[in-house]
Amino acid sequence: MSRIKNWVVENHDLAFAILLAVCVYCYFAFTNDLFATHRTTFAVMERFAVLGLVGLALTLCIIAGEIDLSIGSNAALAAVIVVRFTDSLGAVTALLIAVAISTTIGIIQGYFIAYLRVRAIVLTVGTLMLLRGVALFAAEEKTVMLTDFRVPDFITTKMFGYFSPASILVIFMFILVGIFMNYTRFGREIYAIGGARKEALAAGVNLKRPMIIVFAISGLCAGLGGVIIGLRSGTAQALGLQYLLLAGTVAAFIGGVSILGGKGGVIGAAIGTLTVNFLNTGLVFNVTPAFMVQLYLGVLLMVVIMFQTGSRIFDENQRRRQIISDVDARRGPLLARRQTGPP
Amino acid sequence: MSNSLIANARVTGLGFVDRLVRDYSALVVCLIGLFLVVFIVGMATAPNFLTIFNFKTIIRDAALVGIMAIGLTFVTLSGNFFLLSMKETAALCIICFATSMSSGYGFEISFLLTMGVAIIAGAAQGALIGLGGNPIVVTLGAAGLLFGLGSWWSDNLVVSFRRPHGAEWLGTGSFLGLPNITIAFILIAISAECVLRYTNFGRQVYLIGANRAAGKATGHENFSMAIKVCIIASICSAFVAIAFSAQVSSAHVNYFSSEFGSSGDMTIMVIATVMVGGNSIMGGFGSTLRTSLGAIFISTVDNMMVLHGFNSGPRVLAVGLMIVFSIIVFALVRRGSRAQE
């Protein structure tokens, strides 16, 4: 019991995320009979396949103290490319091309952010527009469609009860990134440049390397997400997928990242995404229109931000009070001595 | 000691190029050069480019995005990056205005009601940003919230109101041959520039944007500033929403989204305008005049591409390239000025 208590105290963000996920799940499970079934779990995992990737990508970016706004455009570009080339080149080749292009875009973004020393939001708001233009170009301003629907059938095959090839791939990706972040030097560097960039640079971290790695993973995740969406539905729109940014950000923040960087992790991203997915699926079950889902997500994000900002202000006040009381404690004997005069 | 002496010598003896780099004027030179290039190319290749009618079209096209961008410039100058909720604020406001108009309230009451909604939305976002929330994340959440509210209010339907209405003069009227919306754009641009240059408030915007610590030390907290600039940005959004609604006599939450407009999402266009105009995204440097010129520049390029029969893909691509180009030039210029220090 005390071990659990220690764990909760040490990982209070993660504990909060788990609690929230369980609460959301229980709420929908109790209000709707259909929610706690095997089929719904499969549906949740299917959503997890896409949103999990975006949540993971944004979690990494926010850990590094940056945010990738172009993630929706990147995903849309990958979706358009894969759907366009699947018929002529085969699904695997098209998939590899699309993911390679997205990753390359990520690498270029990371390089420029580190080289120009601009904030990522500044550059990625530009690439958001640029990539949308490229996607429109690639799609010739139409909705591209598959003609052969064997690929979507394969991607949504049910395996081991709850999983499909897509969600297994995503879970594998999560494990890989988790190991990378926790047990390699490069992963620790990403935490370092997010939490304390000046100190990390002073300690000899080259800003370019972690930045390029973060944005490469972000591009890879966005590309993979776009590919999964494109292949699963068999269609792709150049201007679509813009909702991914909000949902992914909400997932990342529920998972316990801090906007100041250096906090959070892959497990948090998974739990945050699951929470968003429970909410999303549950609301769909209760026949809520799509815009209401957006409203709830917006409110959720605002609440999390308010909570974080509040706790930061509280911490700062606490620290200030501590410093003042320290100074008083040190000055106390001095003052007393001055009043009594030298012996 | 010797280092600082050298630095001082450099500051006092600035050459022309140094001064260009230091004052970020290089960007303006770039912009004017690009503008001339576009202009000459347009003149040479598109036969209808150099007509008065076309100029009016360019400025009228620039007006809506331009007004929003002028509002956003205040936010950017005060060092609060940008608001990702510009188009969603406009979406909520357009629904509010059209609903009010269609239920028979006059133009004035609808106008005031819409402005009230905008002020509340802006103040709430500004308060969260001022307390230390990241502007991007706060406004991303606010965007979802405002858009959801707008959709919920209108039930995701088109709200329309009957044609002879009190707002027609704003939407389709004209004065001395200029559309009223163009005149509004010019007036707003001039007054915003005057506010920034000649009032206490304007100087405080620059101070807090350039050096937040110095601002705090001299008693100018970002909290009240963030609220004020967010309200200004929201009011500009609301004004654009009203003007647009007056033009088409209807409203839908998607009017400002990429599905509706051909050249992309309104928020990103507005941010693009602020950036292409040559305002420092980190704050403290720029002006609304630059933003207005940026709006006209983007509109000119767009107009030329339309005259040449380009589809929306290349046009969005062109705007994207312009933003990225402006970011890169700006960053390189800043690096140059850093190296001098």
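Residues numbered from 1 in each chain as written. Chains lettered and ligands numbered in written order. Predicted model: local features only at pLDDT ≥ 70, side-chain atom pairs only at ≥ 80, totals over all residues.

**Points about the overall build of chain A**
Operational definition: By the criteria applied, helices consist of DSSP H or I runs no shorter than four residues and strands consist of E runs no shorter than two, each listed in order from the N terminus. Think of it as a crowd count around each C-beta: if 20 or more other C-beta atoms lie within 10 Å the residue is buried, if 12 or fewer it is exposed, and in between it is partly exposed, with C-beta placed from the backbone throughout. We call two residues in contact when their backbone-placed C-beta atoms lie within 7 Å.
Helix and strand counts for chain A stand at 14 helices and two strands. Taken along its principal axes, the extent of the C-alpha atoms in chain A is 100 × 50 × 35 Å. Across the 343 residues that make up chain A, the buried fraction comes to 50%. Considering only intrachain contacts with a sequence separation of at least 6, the fraction spanning at least 24 residues in chain A is 79%.

**Topic: the overall build of chain B**
Looking only at helices and strands, chain B features 15 helices and four strands. Taking all contacts inside chain B whose residues are at least 6 apart in sequence as the whole, residues at least 24 apart take part in 79%.

**A short note on the interface of chain B and chain A**
Applicable threshold: Residues are grouped as follows: nonpolar covers Ala, Val, Leu, Ile, Met, Phe, Trp, Tyr, Cys and Pro; charged covers Asp, Glu, Lys and Arg; every other residue, Gly included, is treated as polar.
Of the residues lining the interface, 43 residues belong to chain B; the matching set on chain A comes to 39 residues. Within the residue set of the side of chain B that touches chain A, elements represented by two or more residues are α7 (135–154), α13 (266–276) and α15 (312–340) of chain B. Considered class by class, the residues forming the side of chain B that touches chain A number 27 nonpolar, 14 polar and two charged.

**Details of the environment of B:Phe82**
Residues and elements named next belong to chain B. Mapped onto the secondary structure, Phe 82 falls in the loop between α4 (52–77) and α5 (86–102). Given 26 C-beta atoms within 10 Å, Phe 82 falls into the buried group. For the pair Phe 82 and Ile 281, spaced 199 residues apart in sequence, the C-alpha to C-alpha distance is 8.0 Å. The contacts of Phe 82, once residues within four sequence positions are left out, are Leu 72, Val 75, Thr 76, Ile 271 and Val 274.

**Here's the deal with the environment of A:Lys142**
Residues and elements named next belong to chain A. Following the sequence through the fold, Lys 142 ends up in the loop between α6 (120–139) and β1 (144–145). Overall, Lys 142 belongs to the exposed group, with 10 C-beta atoms counted inside 10 Å. It is 8.9 Å that separates the C-alpha atoms of Lys 142 and Ala 236, two residues lying 94 residues apart in sequence.

**Some words on the nonpolar core**
Note on soluble globular proteins: their nonpolar side chains tend to be buried together. Heads up, the condition is: Any nonpolar core is a set of buried residues, restricted to Ala, Val, Leu, Ile, Met, Phe, Trp, Tyr and Cys, that join up through C-beta atoms within 7 Å. What counts as a domain boundary in this text is fixed by an automatic or database domain assignment.
Core analysis: the biggest nonpolar cluster contains 225 residues, and A:Val54, A:Ala57, A:Ala79, A:Val80, B:Ile94 and B:Ala272 have the highest contact counts within it. For this core, the leading source of residues is helix α12 (residues 222–248) of chain B, giving 18 residues. When residues are assigned to domains, this core turns out to be shared by domain 1 (10–288) and domain 2 (290–343) of chain A, each giving three or more.

**Remarks on the confidence of the model for chain B**
All names here are of chain B. Note the threshold: What pLDDT expresses is the predictor's confidence in each residue, scored from 0 to 100.
Of the residues in chain B, 88% have a pLDDT of 70 or more, and the chain-wide mean is 81. In the model of chain B, helix α1 (residues 2–12) stands out as the element of lowest mean pLDDT, 43, in contrast to helix α6 (residues 107–130), which has the highest, 91. Note on residues 1–13: pLDDT under 50 across the span, and two contacts to partners over four residues away in sequence or across chains.

**A few points about helix α8 (residues 165–183) of chain A**
Note the threshold: Expected span, for any helix, means 1.5 Å times one less than how many residues it has.
The end-to-end C-alpha distance of α8(A) is 27 Å, a good match for the 27 Å that 19 residues give at a rise of 1.5 Å each. In this fold, the buried residues of α8(A) make contact with α3 (38–63), α7 (150–155), α9 (185–195), α11 (208–233) and α13 (266–285) of chain A.

**Some words on the domain arrangement of chain A**
Residues and elements named next belong to chain A. Per the domain assignment, the segments making up chain A are domain 1 (10–288) and domain 2 (290–343). Taking the mean C-alpha position of each, domain 1 and domain 2 sit 35 Å from one another. Taken together, the contact between domain 1 and domain 2 spans twelve residues of the former and nine residues of the latter. Elements with a contribution of two residues or more to the side of domain 1 that touches domain 2: α12 (244–254) and α13. Among the elements that make up the side of domain 1 that touches domain 2, the one with the highest residue count is α12 (six residues). Residue composition of the side of domain 1 that touches domain 2, by class: eight nonpolar, four polar and no charged.

**Brief notes about the packing of α6(B) against α12(B)**
Residues and elements named next belong to chain B. Put simply, the test is: Axes, fitted as lines to C-alpha atoms, cover a helix only where it is in contact. Angles between the N-to-C directions of the axes lie from 0 to 180 degrees. For any pair of crossing helices, the crossing counts as left-handed if the nearer helix is rotated counterclockwise from the farther one by less than a right angle, and right-handed if it is rotated clockwise.
At a minimum axis separation of 7 Å, α6 and α12 run at an interaxial angle of 145°. Remark: the crossing between α6 and α12 carries right-handed chirality. When grouped by side-chain class, the residues that make up the contact of α6 with α12 number 19 nonpolar, eight polar and no charged.

**Regarding the packing of α9(A) against α11(A)**
All names here are of chain A. This is how it is decided: Between 65 and 115 degrees an angle is taken as roughly perpendicular, under 35 as roughly parallel, over 145 as roughly antiparallel, and anywhere else as oblique.
Contact geometry of α9 with α11 gives a least axis separation of 9 Å together with a crossing angle of 100°. For the element pair α9 / α11, the angle class is roughly perpendicular. Where α9 abuts α11, its residues Phe 186, Glu 189, Ile 190 and Ile 193 lie against Arg 209, Pro 210, Ile 213 and Val 214. Per-class residue counts for the contact of α9 with α11 are six nonpolar, no polar and two charged.

**Thoughts on unusual backbone geometry**
Residue and element names in this part refer to chain B. Although it is not a glycine, Asp 155 adopts a positive phi angle of roughly 60°. Within the element layout of this structure, Asp 155 appears in the loop between α7 and β1 (159–160). Residue classification places Asp 155 among the exposed positions, given that 10 C-beta atoms sit within 10 Å. For Asn 156, which is not glycine, the phi dihedral falls at a positive 60°. Within the element layout of this structure, Asn 156 appears in the loop between α7 and β1.

**A closer look at the environment of A:Arg119**
Residues and elements named next belong to chain A. Residue placement: Arg 119 occurs in the loop between α5 (91–116) and α6. Taking the C-beta count within 10 Å as the criterion, Arg 119 has 17 such neighbours and is therefore assigned partly exposed. Placed 114 residues apart in sequence, Arg 119 and Ser 233 show a C-alpha to C-alpha distance of 35 Å.

**Points about α6(B)**
The end-to-end C-alpha distance of α6(B) is 33 Å, a good match for the 34 Å that 24 residues give at a rise of 1.5 Å each. Once α6(B) finishes, B:Gly132 follows within two positions and takes phi at roughly 115°, a positive value.

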